[in-house]
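# Notes for the structure review
Listed below are the residues making up each chain.
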Amino acid sequence: MMNFKPPETRTTSSTAEKALSLISKGWEEVRSSADADLQLIKNRANSFKNLADKELENFINSASKSPFIVPTITASATTAPQPQEIDFVKKLRPKLSEIRRAYSSPDFKWAPKGKLRIDLSSIKNAIVAEEEDERFGKWRRVRFKEEGQFGEVNWEPIKAFRTRLRELEEELKNRSSSSVDIFEGIKNSEFVEKVKSSLKSIYKEPEETKGVPPLDVPELLAYLVRQSSPFLDQIGIRRDISDKIVESLCRKRRNKLLLRALPEGKSSLIEGDNMNDELDLRIASVLQSTGHHYEGGFWSDSTRQNLSDGKRHVAIVTTASLPWMTGTAVNPLFRAAYLAKSENQNVTLLVPWLCKSDQELVYPNNLTFSSPEEQELYIRSWLEERVGFKTDFKISFYPGKFSKERRSILPAGDTSQFIPSRDADIAILEEPEHLNWYHHGKRWTDKFNHVVGIVHTNYLEYIKREKNGALQAFLVKHVNNWVTRAHCDKVLRLSAATQDLPKSVVCNVHGVNPKFLKIGEKVAAERQGGQQVFSKGAYFLGKMVWAKGYRELIDLLAKHKSDLDGFNMDVFGNGEDAHEVQSTARRLNLNVNFMKGRDHADDSLHSYKVFINPSISDVLCTATAEALAMGKFVVCADHPSNEFFRAFPNCLIYKTSEDFVAKVKEALTNEPQPLSPEEQYKLSWEAATQRFMEYSDLDKVLTSETCRERRSRKGMGKSVSMPNLGGMVDGGLAFAHYYLTGNEFLRLCTGAIPGSRDYDKQHCKDLHLLPSQVENPIYGW
């Protein structure tokens, strides 16, 4: 079922210790990173200081060798003596030497970490020096002129100094790679960018605080309660009660912040709305302030859907896959194609992957696949040939094992883990009881917002035919009630022939392959043109096992052998009981021709006029719907599984064995009526998809605003203070089922495949999975 090993139960104390350990580890990493950044800044500053000392020394030397010409202050003088070195350079030399000695002294030390102070105003002035340059020059000119020191002065020395500084900057940029790395590292480092932004914040908004305060104790408790809601739900505490606890824990802080933000003399009416979104934003802001970014983790399933593309996500999980031509392989495939065709939601079809040894037992004609990609290519090719359009949905695989005793595929591991949490929105479980008999993993309704089960098979009817069938059927009936109630929000039964399950309604949500409707249209056109279409008599097609109607068919033919004198019938099918069925028919000397199974749309079957299906174990026979779509007569039993077909004029329903003979003769002597457009649409997958959307409540779910609103509406009972007994029962059943299916001895006693609680090494190899022992989350319910 699930592809990962489910998490083990942990005590509250151990969980708290791990959480504190994680927080402590995070702080240690932050401190280590900060220390490393400061050390890097120191090293770069020393390198830059040494380089600047050398450049200033070169500048002073060049100034000494090429003296500036400064005119005399008196206007009468025409020339002036040329000093060997200007005065300000002479004054600058001792200062530079003194600074150089101070910094190069062995006694010089950087300030301690805790007392490190940076003159932010100086750094700011340095950053904006280029922009202030012109303004600074004007201020100097005005000041010197007012003080009368120079009068009308030639500013060539200052201009030359500035020019030399610019040349120095350009020279630094064009230095060797090491110098460039230092310069660019200082100029473009993340730290400098942060300093710049901090300076802007301090300069423009000196009174505002931009830091995000850490989470306080009530917020941490609220987050813990919110993430523990699946466990609390299992022990009987409803989700709306958990939301109330979260709201009360968050309300005090929210009120305080709102009152602080309001002007004096005004009050605010604080609504009692849901605090969960605000808590999520609060957690996100704290994580963002620390630079933490991680998808998944302890609470990976708390975000139930990701609507980044504006679409909902539908995951269809089934128990079989092509090329096994069974109803649970074919019908979910068509459902996925037609749900995805509307482009209103993203669709994923999750099918079982069998190892090669099991493929040889299940798939017909010795057809096997070496990889999931190869099987997916086969599935898409088969489907697109029949639907006539390009399918746009995802196909994923989960580990499965074939049970020879049950003649079906059972999941290995936790199936729900193969749907990522970001896509865990809506789940459609094809055969929910089958999928959950041995499901040891997360509860489907906890991971998904809405879970719909579709019952395909009448398991009780099959089990009653086995040894001790009555007792087994009694136990399976209650297990089916148990697992569907615990894991589904809504259950659709294809017909009333199935077990009456909790939260269920009866509706046929299956259609027929469009290819059969085209065959029916072709037959009707040929008949209208006067051609003889049906040249053969009666046939039956189905998997050759006794429970598929072969027992009823042989009994009817043997009982009325004389009444059906001259009647011949062809039977197509493969199966485990093929040899026994054929030997029984030969022993009774029945006019039945057995042939290998084939696709119902095969050209060789078009010329048959009557499809006989006496099965009473089916829920809704797909072959019956296909035969009606092709314009044939159908003779079937008066049974709830055939109730949907009763309205079709070509469906001949018998109540007794004598009536069976009469219906067969009627079909052989008459011509079937062409299907009307309304009858064709009723059989189509478009109509089936529309019925499915309506009866599963999916049309309402897909248009609802938020999943949390749906959850709160589900739990709204008579009063918030009154316990939801139904929710408590469902949670308790899910809790008990989880622990019972985790015991290998109990699994084996109830017929599970040995070692199927987790997938095996071959599945790891085929599906590129980590060993199940590795897939064990730190925390999770």
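- The protein goes by Digalactosyldiacylglycerol synthase 1, chloroplastic in an unreviewed UniProt entry, where it is assigned to Nicotiana tabacum.

## Some thoughts on the pairing of strand β13 (residues 608-613)
- Most of β13 is tucked away: 6 of the 6 residues are buried.
- As paired strands, strand β10 (residues 536-541) and β13 are joined by 3 bridges and run parallel to one another. In the strand pairing of β13, Tyr539 is matched with Phe611.
- Pairing of β13 with strand β14 (residues 633-637), which is carried by 4 bridges, proceeds in the parallel orientation. Bridge pairing links Asn613 to Cys636 in β14.
- Chirality of the crossover, the property in question, places the unit of β13, helix α22 (residues 622-629) and β14 among those that are right-handed.

## Focus on empty space enclosed by the protein
- Summed over all chains, the structure comprises 8 cavities of 30 Å³ or more.
- The space that makes up the second largest cavity amounts to roughly 70 Å³.
- Along the walls of the second largest cavity sit Asn508, His510, Gly511, Val512, Leu620, Cys621, Thr622, Ala625, Phe644, Phe645, Lys682 and Leu683, which together make up its complete lining.
- Looking at the lining of the second largest cavity, the elements that each hand over two or more residues are α22 and α24 (677-683).

## Here we look at the side chain of Asp570
- Mapped onto the fold, Asp570 is located in strand β11 (residues 569-572).
- No salt bridge forms around the buried Asp570; measuring N to O, its nearest opposite-charge neighbour Lys536 is 5.9 Å away.
- Here Asn593 takes part through its side chain, which lies 2.9 Å from a polar atom of the side chain of Asp570.
- Dropping the residues within four chain positions of it, Asp570 is found in contact with Ala538, Tyr539, Phe540, Asn593, Met595 and Tyr608.

## A few points about the sheet that holds strand β3 (residues 345-353)
- A sheet is described by the order of its strands in space; here 8 strands give the open sequence β5-β4-β3-β2-β6-β7-β8-β9, paired in mixed fashion. Two strands bound the open sheet, and with one partner strand each, they are β5 (408-411) and β9 (504-506). Each strand of the sheet is rotated relative to its neighbour by a mean of 30 degrees, with strand direction disregarded.
- Relative to strand β7 (residues 450-455), strand β6 (residues 426-430) runs parallel, the two being bridged by 5 bridges. Paired with Glu430 across the strands is Ile454, a residue of β7.
- With respect to the sheet, helix α25 (residues 685-695) is in contact with β6, β7, β8 (490-493) and β9, its orientation differing from that of β8 by roughly 145 degrees.

## Side note on the packing of aromatic side chains
- Here the structure, examined in full by the defined rule, presents 20 aromatic pairs.
- Note on Phe369 and Tyr378: the rings are 5.6 Å apart at their centroids and 55 degrees apart in plane angle, and the pair reads as tilted.
- Taking 5.2 Å as the distance between ring centres and 90 degrees as the angle between the ring planes, the aromatic pair formed by Tyr738 and Tyr739 counts as edge-to-face.
- Residue Tyr738 is classed as buried on the basis of its relative accessible area, which comes to 15%.
- Through pairs of rings, three or more aromatic residues link up here, namely Tyr539, Phe540, Tyr550, Phe572, Tyr608 and Phe611.
- One Lys or Arg, Arg380, reaches over the ring of Phe393 and ends 5.1 Å from the middle of that ring.
- The cationic tip of Lys682 hangs over the ring face of Phe644; the distance from NZ or CZ to the ring centre is 5.1 Å.

## Considering the sheet that holds β10
- Pairing in this open sheet of 6 strands is parallel, and the strands run β12-β11-β10-β13-β14-β15 from one edge to the other. The open sheet is flanked by β12 (592-595) and β15 (651-654), the only strands paired with a single partner. In this sheet, adjacent strand axes meet at a mean angle of 25 degrees when their direction is disregarded.
- In terms of strand pairing, β10 meets β11 through 4 bridges, oriented parallel. In the sheet register, Phe540 faces β11, and the bridge partner there is Val571.

Calculation notes
- Residues numbered from 1 in each chain as written.
- Predicted model: local features only at pLDDT ≥ 70, side-chain atom pairs only at ≥ 80, totals over all residues.
- Heavy atoms only, no water.
- Buried < 20%, exposed > 50% of the residue type's maximum accessible area, 1.4 Å probe, protein only.
- Helix = DSSP H or I, 4+ residues; strand = E, 2+ residues; numbered from the N terminus.
- Pairing = 2+ DSSP bridges.
- Right-handed = clockwise from strand over helix to strand, strands pointing away.
- 1 Å grid on protein atoms, 1.4 Å probe; cavity = no way out; pocket = protein on both sides within 12 Å on 5 of 7 lines; lining within 4 Å.
- Points joined across faces, edges and corners; volume = space filled by probe spheres on them.
- Lys, Arg positive; Asp, Glu negative; His and termini not counted.
- Salt bridge = Lys/Arg side-chain N within 4 Å of Asp/Glu carboxyl O.
- Polar contact = N/O pair within 3.5 Å; in protein donor to acceptor, adjacent residues only side chain to side chain.
- Contact = heavy atoms within 4.5 Å.
- Axes fitted to C-alpha atoms, helices over the stretch in contact; angles between N-to-C directions.
- Phe/Tyr/Trp six-rings, centres within 6.5 Å; stacked < 30°, edge-to-face > 60°.
- Lys NZ or Arg CZ within 6 Å of the ring centre and 35° of its normal.

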